[in-house]
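So the chains spell out like this:
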Amino acid sequence: MTHIDNGVPATSLTGVEWVKSHHSNPSGNCVEMALLPDGDVAVRNSRHPEGPALVYTGAEVRAFLAGVRDGDFDRMIG
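Below, the structure is looked at part by part. (Residues numbered from 1 in each chain as written. Predicted model: local features only at pLDDT ≥ 70, side-chain atom pairs only at ≥ 80, totals over all residues. Heavy atoms only, no water.)

1. Considering helix α1 (residues 58-70)
Using the following cut-off: The numbering of helices and of strands both runs from the N terminus, where a helix is a DSSP run of H or I of at least 4 residues and a strand a run of E of at least 2. The length a helix should cover is 1.5 Å for every residue beyond the first. Each residue's exposure class comes from its accessible area (1.4 Å probe, protein chains only) as a fraction of the maximum for that residue type: buried when under 20%, exposed when over 50%, partly exposed otherwise. For this analysis, residues touch if any pair of their heavy atoms sits within 4.5 Å.
With 13 residues, α1 should reach 18 Å at 1.5 Å per residue; the first-to-last C-alpha distance of 18 Å fits that figure. Residues Gly58, Val61 and Gly67 constitute the buried set of α1. Those residues of α1 hidden inside the fold are in contact with β2 (31-35), β3 (41-45) and β4 (53-56). Two residues or fewer after α1 comes Gly71, characterised by a positive phi angle close to 85°.

Okay, structure coming up:
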């Protein structure tokens, strides 16, 4: 298994499909995600597609998404 450090240039993650939320807007306020071959998930800012990209395990992303669905992070935005 290849170890990927966080903050890697997104351009180094070749052969992946970056997915943007349909809630994004023309101002570029969006996060994009890509499933990596080993099951990890890369996250990048759509305004800076060349990087950096943060890489998380599938379990970390599932836990984060469950927290979003449960409203755990609602206080983070005004």
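2. Some details on the pattern of salt bridges
As a reminder, the rule being used: For this analysis, a salt bridge means a side-chain nitrogen from Lys or Arg found within 4 Å of a carboxyl oxygen belonging to Asp or Glu.
Applying the stated rule across the entire model yields 1 salt bridge. Of the charged contacts in the structure, one is a salt bridge between Glu32 and Arg44, with a shortest N-O distance of 2.7 Å. Placement of the pair is Glu32 in strand β2 and Arg44 in strand β3, with a sequence separation of 12 residues. Here the two residues Glu32 and Arg44 agree in accessibility, since each one is buried.

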